[in-house]
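# Structural description and commentary
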Amino acid sequence: MVSGTEVAGSAAPERITAVPVRHPGRWVSVAVLALLAAMLVHTLFSNPAWRWGLVKKYFTTGTVMHGLVATLELTALAMVIGVVLGTVLAVMRLSPNPVVSGSAWSYVWFFRGTPVLVQIVFWSFIAALYPNLSLGIPFGHEFVIFDSNKLIPLFVGVVLGLGLNEAAYMAEIVRAGILSVEHGQTEAASALGMRRLDIMRRIILPQAMRVVIPPTGNETISMLKTTSLASVASFVELYKATSDISSSIFRPIPLLMVASIWYLIFTSVLSVIQYYIERHYARGSSRELPPTPMQKLRAQFVQRRDESSA
Amino acid sequence: MRGRACAVLAIAAVLASVVLAACGTTTKKKSTSSGNSGSTCSTTGGPAAAEPKPLSLSISPVSSIVSQVPAKDKGKTLVVGSDASYAPNEFKPVGKETIVGMDVDLATAIGQTMGVKVKFVDTPFDSILTGLAAHKYDLGISSFTDNKEREKAVDFVTYFKAGVSIMAPKCNPDKIKTQLDLCGKKVGAENGTVELDTLNKADDGSGTPTLKARCTTAGKKAPEAHGYPNQTDVNQALAAGRIDAYLADTPVVDYQVKATGGEFAKVGETTDVAPYGIAVPKDAGTLKDAVLAGLKSLISSGDYTKVLANWGVQSGGITDPVLNGATS
């Protein structure tokens, strides 16, 4: 290795001064966004027309609190109806019996095909169509007769309007989830002698959950805001509670802010819940669960400490 | 296995029959304990009365009035915010998208004296005053009761007077005779109206006790207030039995009784007679003076009475319009 010694003897090459790639575009975009953010914050506090004083004053007023509770109740009940009925419809839709699957198809066709606003108004004015509802033999004797407005009070009417509409959407979401489970799972279960409904309940649906959960979370967040449509039927939920106040003090903007802030708070809470539920159902498919925000934060600190000690 | 399947089928069949039966009843009358049976009251309405046609008056501009119109509004089209669900004052005739009514004819006539055109824009009642503040509209004409609370936000030119009446389903199943009979009942009104305030609020800032306050004083439950976006929604809610009665301005209640062919009934007394006002933004300069002068000239020429008579509301006519004439 003569040549090798020769090289070692000659002057060593200069150390390369490595210059990181410049990203001027990044700095420009950060500067522009920071400026826009500063302008937004400035106008929020410098324009007196926002009237933050009124926002604060009415933020936790009794009627707004009642409206908020009503909004949460509506969201929860409508989603329960939506998920349960939607699952039933999805299973029906995939049934080999053409009458059963046809009925499920017709349900989705109708309830997904008409506006939810129309459905809410329809259910709240149901007594204009059927003043009384009864239990009895079809086309024959009626045993018990109910006054429709007593049987379906306004709250129930609104819940039905929202829930039955949601069921149509959930049916499609659950159906997509069921179809995402490999057919081999069904075949293996049948080979073990399981009945169709058992296969659905114990094999398919748990695996479908992974696909079903993210859009369901989406639907729940969407439902929280869709409940504001109930105001047209004179049902007092969060939006109506705030607009009732603004129509008597003639200041719409601060009260819209009150409603928006509450909606944002609860959609944020729902997003967090959705994240953890998704993580729970990811167990079956990914080797390692995605880290929680807390774990990410901890990992960052550990990394820093390692760097500084090195 | 076989037995279980049969049981499931049987349950399904029973459930299906219950549901079907539930859909079967359509025509049974509400059997309330009000004891209507034997009375001559029939719940089917008669034929609906014909709708009056808008008047088309042609009035020439009056120079003394035109001179009071602010420079920026001269010769322009004034945009008027109005909730077209309040027949006969402002409404859309069936199948038409143009707003007609007593308020429209009157505003058009006032505009003619001022040398301007007016254009009515349909909007929910509770957003008219806020729309005025945001300069979406030049005027708000929508059967506004002129009260002190609203005078804080806008100026009013009074042009009519009307009270509040109670509307109940025909035959008055709840035997309502006075407003106090509404305590504890489901009562509707349009959002943003003085009627909804009296049902909703313990104190509406007028000095006179609200119905809610009077119910509490009488040791009764407060009425359950149902506020709807439009008066037409309130009518539907009463027809569907969602509310037991509603409160609205007397001319509207009278008109609705006729328009539905007697499906509803006006019950009890007329209360809270107060002036109607044309709402003018506080920063609109001399616009309010021009409107007031225009209205006065219509009253002296007799055109005002013609408009009112055309819509059958001449009993609410006034002779001395003023600026900001709130009595409560």
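Residues numbered from 1 in each chain as written. Chains lettered and ligands numbered in written order. Predicted model: local features only at pLDDT ≥ 70, side-chain atom pairs only at ≥ 80, totals over all residues.

Another point: the overall build of chain B. A count of helical and extended segments in chain B gives 11 helices and 10 strands. Look at the contacts in chain B between residues 6 or more apart in sequence, and 77% of them connect residues 24 or more apart. (Helix = DSSP H or I, 4+ residues; strand = E, 2+ residues; numbered from the N terminus. Contact = placed C-beta atoms within 7 Å.)

Okay, the overall build of chain A next. A tally of regular secondary structure across chain A gives 13 helices and two strands. What you see for chain A is a C-alpha radius of gyration of 29 Å, clearly larger than the 19 Å of a compact globule of 310 residues, by over 25%. Judged by the C-alpha coordinates and their principal axes, chain A covers about 115 × 70 × 30 Å. The long-range share in chain A, meaning contacts at least 24 apart out of those at least 6 apart in sequence, stands at 73%. (Rg over C-alpha atoms; globule rule 2.2 N^0.38 Å.)

A few words on the packing of helix α10 (residues 196-226) of chain A against helix α12 (residues 252-281) of chain A. Residues and elements named next belong to chain A. Direction vectors running N to C along α10 and α12 enclose 170°, while the axes themselves pass 10 Å from each other. When the axis of α10 is compared with that of α12, the two are roughly antiparallel. Contacts between α10 and α12 involve Met209, Arg210, Ile213, Pro214, Gly217, Thr220, Ile221, Leu224 and Lys225 from the first element and Tyr263, Phe266, Thr267, Leu270, Ser271, Gln274, Ile277, Glu278 and Tyr281 from the second. (Axes fitted to C-alpha atoms, helices over the stretch in contact; angles between N-to-C directions. Parallel < 35°, antiparallel > 145°, perpendicular 65-115°, else oblique.)

Moving on to unusual backbone geometry. Residues and elements named next belong to chain B. Of note, the bond from alanine 87 into proline 88 is cis; its omega dihedral lies within 30 degrees of zero at 5°. Along the chain, the position of proline 88 falls in the loop between β2 (85-86) and β3 (90-91). The phi dihedral of cysteine 171 falls on the positive side, at around 80°, and the residue is not glycine. Assignment of secondary structure puts cysteine 171 in the loop between β6 (154-169) and β7 (186-190). On the basis of neighbour count, cysteine 171 is assigned to the partly exposed category, with 16 C-beta atoms found within 10 Å. Positive phi values are uncommon outside glycine, yet aspartate 272 reaches one of about 50°. Summarising the element assignment, aspartate 272 is placed in strand β10 (residues 264-281). Given 22 C-beta atoms within 10 Å, aspartate 272 falls into the buried group. (Buried ≥ 20, exposed ≤ 12 C-beta atoms within 10 Å, placed from the backbone.)

Burial in helix α8 (residues 231-239) of chain B covers these residues: Gln231, Asp233, Val234, Asn235, Ala237 and Leu238 of chain B. Where α8 of chain B ends, the next residue or the one after it, glycine 241 of chain B, has phi of about 75°, a positive value.

Residues and elements named next belong to chain A. Here strand β1 (residues 132-136) runs beside strand β2 (residues 142-147); their pairing, made up of five bridges, is antiparallel. Counted as the bridge partner of glycine 136 is glutamate 142 from β2. The turn joining β1 and β2, which pair antiparallel and follow one another in sequence, is formed by five residues; a positive phi near 60° is taken by phenylalanine 139. (Pairing = 2+ DSSP bridges.)

A few words on the domain arrangement of chain B. All names here are of chain B. When the domains of chain B are assigned, the result is domain 1 (63-161 + 276-316) and domain 2 (163-273). The centre of domain 1, based on its C-alpha atoms, is set 26 Å off from the matching centre of domain 2. On the side of domain 2, 18 residues touch domain 1, which itself brings 17 residues to the contact. Sorting the residues of the side of domain 1 that touches domain 2 by element identifies β2 and α5 (148-151) as the ones contributing at least two each. Its residues assigned to classes, the side of domain 1 that touches domain 2 comprises six nonpolar, six polar and five charged. (Domains from an automatic or database assignment. Nonpolar A, V, L, I, M, F, W, Y, C, P; charged D, E, K, R; others polar.)

Counting residues at the interface gives 26 residues for chain A, matched by 28 residues for chain B. Among the elements that line the side of chain A that touches chain B, the one with the most residues is β1 of chain A, at five residues.

With that settled, the discussion passes to the environment of isoleucine 243 of chain B. Residue and element names in this part refer to chain B. Checked against the element boundaries, isoleucine 243 lands in the loop between α8 and β9 (245-249). Owing to 27 C-beta atoms within 10 Å, isoleucine 243 belongs among the buried residues under this scheme. Considering only alpha carbons, one finds isoleucine 243 and glycine 268, 25 residues apart in sequence, at a separation of 17 Å.

What follows deals with the environment of alanine 189 of chain A. Residues and elements named next belong to chain A. Within the secondary structure, alanine 189 sits in helix α9 (residues 183-191). Classification of alanine 189 as partly exposed rests on a count of 18 C-beta atoms within 10 Å. Put simply, alanine 189 and isoleucine 204 are 15 residues apart on the chain and 9.6 Å apart in space, counted from C-alpha to C-alpha. Discounting residues that sit within four places of it in the chain, alanine 189 has contacts with Met194, Ile199 and Ile203.

As a further point, take the pairing of strand β8 (residues 224-228) of chain B. Residue and element names in this part refer to chain B. Counting buried positions along β8 yields four of five residues, so the element is predominantly enclosed. With five bridges joining them, β7 and β8 adopt parallel strand pairing. Considered in β8, the bridge of glutamate 190 is made with tyrosine 228.

A word on the environment of serine 246 of chain A. Residues and elements named next belong to chain A. In this structure, serine 246 sits in helix α11 (residues 238-249). When the 22 C-beta atoms within 10 Å are taken as the criterion, serine 246 is described as buried. Separated by 93 residues in sequence, serine 246 and proline 153 place their C-alpha atoms 27 Å apart. For serine 246, the contacting residues outside a window of four places in its chain are Arg251, Pro252 and Leu255.

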